[in-house]
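Here is how the chains run, residue by residue.
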Amino acid sequence: MTPTLADTATTIQSILQGWLNSESLAMFLAAVIHVALVAGFFGLPAGIFIWADGRSRAGSRIGSAPLASAASSVGCRPLPTAES
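Residues numbered from 1 in each chain as written. Predicted model: local features only at pLDDT ≥ 70, side-chain atom pairs only at ≥ 80, totals over all residues. Heavy atoms only, no water.

Caption draft 1: Quick peek at the overall build of the protein chain. Helix and strand counts for the protein chain stand at three helices and zero strands. Split into buried and exposed, the 84 residues of the protein chain put 10% on the buried side. (Helix = DSSP H or I, 4+ residues; strand = E, 2+ residues; numbered from the N terminus. Buried < 20%, exposed > 50% of the residue type's maximum accessible area, 1.4 Å probe, protein only.)

If you want it as C-alpha cells, here you go:
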C-alpha cells in the first residue's frame, strides 16, 4: 500500500505526540512541518528562477551579460546614455 499525504501527516503527528505528550501541539507542529515542506517544494524553485531572471536583466543593463552582446550582434541600436 502506498502511503498518502494523510498517512504521512498521521505518522508525523504520532511521532510528535510521543515526544510531546500533547495531541493538539503535535497536530499543530505536524501542520507547520507540512506547510514548510510544501512551501519549500514549490517556493524555492520559483524564488531561484525569479532571482536568476533579475540577475540576467541587471547584467544586460550594465553590459556584462551575454544578452547585451547578442543584442548588439544582430544590429540593435545601443541604449542612449547621458554622454551621447
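Caption draft 2: Quick look at unusual backbone geometry. Here Asn21, not a glycine, exhibits a phi torsion of approximately 55°, which is positive. Mapping Asn21 onto the fold places it in the loop between helix H1 (5-20) and helix H2 (23-62).

Caption draft 3: Looking closely at a nonpolar patch on the surface. Judged by side-chain polarity, Ile15, Trp19, Leu20, Leu25, Phe28 and Val32 come together as a nonpolar surface patch covering roughly 620 Å² of accessible area. Every element with two or more residues in the nonpolar patch is listed here: H1 and H2. Mapped onto the elements, Phe28 comes out in helix H2. (Patch = residues over 30% accessible without salt bridge, like charges linked within 9 Å, V, L, I, M, F, W, Y side chains within 5 Å. Areas by Shrake-Rupley, 256 points an atom, 1.4 Å probe, with all protein chains shown as cover. Salt bridge = Lys/Arg side-chain N within 4 Å of Asp/Glu carboxyl O.)

Caption draft 4: Representation of the confidence of the model for the protein chain in the model. Confidence in the prediction of the protein chain, expressed as mean pLDDT, is 75, and 62% of residues score 70 or more. Within the protein chain, the element-level pLDDT minimum falls on helix H3 (residues 66-73), averaging 50, and the maximum on H2, averaging 84. (pLDDT = per-residue confidence, 0-100.)

Caption draft 5: View of the side chain of Gln13. Inspection of the secondary structure assignment puts Gln13 in helix H1. Beyond its immediate stretch of four places on either side in the chain, Gln13 contacts Glu23, Ala26, Met27 and Ala30. (Contact = heavy atoms within 4.5 Å.)

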